[in-house]
Amino acid sequence: MNYTLENIEDTIYLKTDSIRQPEIVLFPEVSIGKEPWVIQKGNKLIQIDGKEEVLEETQGDFLGVTYINVEGVYEKILQIKENEYIFRGNKYNKFLKYFNTCILENSKKITLIYDNMEINREKPKYYIVNKNAISLVYDGYTEIISKSGSFRINEEKILLGKQGNKLVFQTLDGKILLEDEVIGFCENKAELLGVIGNGVVISCVDRVKYFNDGIWQEIEINVNPFLSFVNSNFIILTTNIHTLVYDKNLFLIYKFLSSASSATTRYIVLFRNPFVGVVDSLDNEEVMKVEKTVLDESSPIKILIRKNYDIEYQNVIEVNRKDTNSNYYQVEVEPKLLGDYEAKFKLISPFFSLNVNIPIISEKPKIYAKGSIIRTNGEVLGTKMNSYLNITINAKIVTNIPYTIRIRFRNQSFDIIFDKKEINKELKIPVNIFNQKESNEIIKIEVIRNNTIQTSMELLVPIIFVEPPSEWKSKIIDHGNYIEKILYTSRGDISWTKVYHYPTHKKALLVKEGLKEGVKVSGDKVIVNLEDPIISLYYTVDYPYLVLIPNMRYYYPIEVFYGTHSYRGLPEKIIFPLDPAYNEIFFRVYVGDKIIKRTYKIPKEIYFKVAVNSKCKLEELLKTFGIV
C-alpha cells in the first residue's frame, strides 16, 4: 500500500491508495475514524472492520482486475487482453494509475477517476497528472482539473502549482514558467514540490532544484515527490534511503530515515509505517547528554538519552536504566573490555539513527596470584581426588557486573564468580594427578566478564608431595561374611585410608522342615523349607524276601535299616531277607548336611499271611510223604 501526507491548513492527514480508508489525522493529534478499510487482494475486494470480509471476487477469462471507488460505489476495471480494458461497458486501449487517480483512454475519449469522481472528456493530445492537478492539453488550450475545481487556459501548457498568487507552468517543450516568465527548463516531466520565501522547488526527472533570484541550485537527487514537502520554513526531500530537512537558507538541519513527510511552520511530521514522528524545530535539546564518563568504584558511566530513542550498544554493556522524570532516560554503562577509552553505540528511532563515540575512562583489571600443587597418595578436601591446587589470588577489578575468575589446569577449568571490586582469596581446588614425574605445572588464570576475557596470566607452580604420618588409627567392622579392618590417618586437608577384608565363611543358609514359607529371611540368615523327602514307601513280600521301593521327592542318598540288614546308596528297589522278628524299617535321607529320619512299620497281617502260606506249603510237602 502506497501513502502520502496531505496538509490542509496545518492539519496533516495520512492518505493511501487503498480503495477506501478511514480518516487518519497525524497532527496535531493522532486520530483514526471508524470507517472500515476496503482494499484489493488479488481478484478479491476485501473489507477490514476488525476482521476481513470478502465483498466481491471476480472470476472469468481475463488478465486482471482493478477495483476502484466511484462516488461510494465499488466498480472494477477488467483487463481482457494486453491492450484492452473494460469499465462500465466501455472499451479502452490504455489504463494508467497515478496514486489514487485512474486514467482510461481510447481513440475518442479519456475517462478520469479523480478524487473518487468519474470525469469524461474528449481525448486530449497530451495530458499530465501530478500531485497538484491534471492538465489535459488540446489544440490551443488546456483544461486543468484539481480538487478545488476545473478551469481552462488558452495556452498549451501544464500546471505545476502556485507560488503565492502566481501560477507555475511547464510548456510542452520543457520551459518552466512563473506566469509568463521563463525561469528554468526541465526536459521531462516536472513536479512543483512547493514554494519557500520567493523561491520555487521543482523536481525534474530525478533531481530537485531550487529557483530564486534568477538562479537555479540543485539540492538533491532521486527524490520521491509524493513523500516530500515544501512550505515557508522547510524543504523536506525524501529518497529511498533518507528524508532530508533543509531550512529556508538551504542548510541541512535534519536527516531521517526515509519517511513520508509534511510540516507546519514549526513542526515536522514524519510517517514511517506504522510509526508517526513529530519534530519540534524550536526544541534545541540534544538527543543525548553525557553525565559521567569515568567508570570508578562509586558508579558506572552515565548517559542521558532522549525518550523515544533506543540505544544499540557496540562495545559497551548496559548495567542499569531508569526514568528521570524529564524528556530523558538514564542508562549506566560499562565498556565490554575494561580499559577501553571510547564508548561506541547507536541511537535509534523509527526515523533516525546516530552513531555515537564518546571518550571514557575505565581501569584495566589488576590481578596477582601465587600458589602450589599439593600431591598425595591419599584423598584431599573430603573428595576422592589425590591432589589440590593451592592458589592465593589478589585482584582489583572495577566493575558493577559480576565476573568470573577461571582457573585452567591441564584440560580442566574451574570457575569462581565474584561481585566485589577487590578480592583477596585463597582457593583450594581438588584435582587428580597420576603422573609423578613432573616437579612443576603451569596454571592459567583468566578474568571473564560478560563472556569476554578481560585479562589473563600464567603461573609456574611447584608440585609438593605430602606423605602420611607414621601413626594410624584403626576400626573393625563385622559384615557377617567378612571382617573389615580400616586403618586411617590425616594431615591438614589430606586423609589416608587403608582397608583390609578377611572372609569368615559364615554359615547363613539353613534348611528346616515344616515351615509354611518356601524361603524365609531371618536377620542375616536364609531359611529354606524342606518338604518330606519320602512321598511313600511301597513294600511287598516275595517269600523269603521283603521288597522295598521308596517313592522319593528328592534324589538324595539314603540309609535303610531292617533288623540286622542295611542298605546305603541312592533310592532304588531294595531287597532284604524276610525276618518276622522285626516289623520296623528305618530310613535316613541326607539333604546337604541335613539328615531326615523316618520309621515305617510292617503290618502284622503281612507276617500272618506269610505263616498261613508257609503252613499250606508244609502240609502239601508232608502229604507227599504220607504223613498227613
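Residues numbered from 1 in each chain as written. Predicted model: local features only at pLDDT ≥ 70, side-chain atom pairs only at ≥ 80, totals over all residues. Heavy atoms only, no water.

Visitor: When you look at the overall build of the protein chain in this model, what are you seeing that I'm missing?
Guide: On a plain count of helices and strands, the protein chain comes out with one helix and 62 strands. Its C-alpha atoms give the protein chain a radius of gyration of 56 Å, clearly above 25 Å, the size a compact globule of 628 residues would have. Considering only C-alpha atoms, the protein chain reaches an extent of 185 × 80 × 45 Å along its principal axes. Sorting the 628 residues of the protein chain into buried and exposed places 41% on the buried side. Considering only contacts within the protein chain whose residues lie at least 6 apart along the sequence, 40% involve residues at least 24 apart. Summing over all exposed atoms, the protein chain offers an accessible surface of approximately 35600 Å²; the carbon and sulfur share of this is 49%. Seen as two clouds, the 81 positive and the 80 negative side-chain charges of the protein chain have centres 10 Å apart. (Helix = DSSP H or I, 4+ residues; strand = E, 2+ residues; numbered from the N terminus. Rg over C-alpha atoms; globule rule 2.2 N^0.38 Å. Buried < 20%, exposed > 50% of the residue type's maximum accessible area, 1.4 Å probe, protein only. Contact = heavy atoms within 4.5 Å. Areas by Shrake-Rupley, 256 points an atom, 1.4 Å probe, with all protein chains shown as cover. Lys, Arg positive; Asp, Glu negative; His and termini not counted. Charge placed at Lys NZ, Arg CZ, Asp CG, Glu CD.)

Visitor: It is not clear to me how the nonpolar core should be interpreted in this structure. Could you clarify?
Guide: L389, I393, I407 and I445 are the most contacted members of the largest nonpolar core, which has 55 residues in total. With residues near it in sequence (within four places) discarded, L389 still touches S372, I373, I407, F409, F414, L427, K428, I429, V431 and I443. Counting residues in each nonpolar core, the second largest holds 21 residues, with M552, I558, I596 and Y607 among its members. (Core = buried A, V, L, I, M, F, W, Y, C linked by side-chain atoms within 4.5 Å.)

Visitor: Explain the state of the cysteines here, please?
Guide: One covalent bond between the sulfur atoms of two cysteine residues makes up a disulfide. In the structure shown here, the tally under the stated rule is one disulfide. What pairs with C186 in a disulfide is C204, and their sulfur atoms sit 2.0 Å apart. Taking the sign of the torsion about the S-S bond as the criterion, the disulfide between C186 and C204, at about 95°, is right-handed. A residue pair is termed long-range when its members are at least 10 positions apart, and C186 in the loop between β23 (181-185) and β24 (190-196) and C204 in strand β25 (residues 199-204) qualify at 18 residues. Accessibility assignment for this pair places C186 and C204 in one class, buried. (Disulfide = S-S within 2.5 Å.)

Visitor: How should I be thinking about the sheet that holds strand β40 (residues 342-349) in this particular structure?
Guide: Two pairing modes exist for strands in a sheet, parallel and antiparallel, and in both the strands are linked by backbone hydrogen bonds. Taken in spatial order, the three strands line up as β37-β40-β41 in an open sheet, and their pairing is antiparallel. Of all the strands in the sheet, the pair left with one neighbour each is β37 (310-313) and β41 (352-359). Put simply, the sheet's adjacent strands are angled 30° from each other on average, direction ignored. Pairing analysis gives four bridges linking β37 to β40, with the strands arranged antiparallel. (Pairing = 2+ DSSP bridges. Axes fitted to C-alpha atoms, helices over the stretch in contact; angles between N-to-C directions.)

Visitor: What's the story with the sheet that holds strand β4 (residues 31-32) in this structure? I'm lost.
Guide: Taken together, the four strands give an open sheet; going across it, the order is β1-β2-β3-β4, and neighbouring strands pair in antiparallel fashion. Sheet topology places β1 (3-8) and β4 at the edges, where each strand pairs with a single neighbour.

Visitor: Where do I start with the pairing of strand β21 (residues 166-171) in this structure?
Guide: With five of six residues buried, β21 is to be regarded as a mostly interior element. The pairing of strand β20 (residues 157-163) with β21 spans six bridges and is classified as antiparallel. Within β21, the position partnered with I158 by the bridge is Q170. Where β20 hands over to β21, the hairpin turn is made up of two residues, of which G164 adopts a positive phi near 65°. Examined bridge by bridge, β21 and strand β22 (residues 175-178) share three bridges and lie antiparallel to one another.

Visitor: What's the story with the pairing of strand β45 (residues 403-409) in this structure? I'm lost.
Guide: The side chains of a regular strand alternate, residue by residue, between the two faces of the sheet. The buried fraction of β45 amounts to five of the seven residues, a majority that puts the element mostly inside the structure. As paired strands, β45 and strand β46 (residues 412-418) are joined by seven bridges and run antiparallel to one another. Paired with I407 across the bridge in β46 is F414. Linkage of β45 to β46, two consecutive antiparallel strands, is achieved through a turn of two residues, within which R410 is found at a positive phi near 50°. Bridge count between β45 and strand β48 (residues 440-449): six bridges; the pairing is antiparallel. When the sheet's bridge partners are listed, I407 is paired in β48 with I445.

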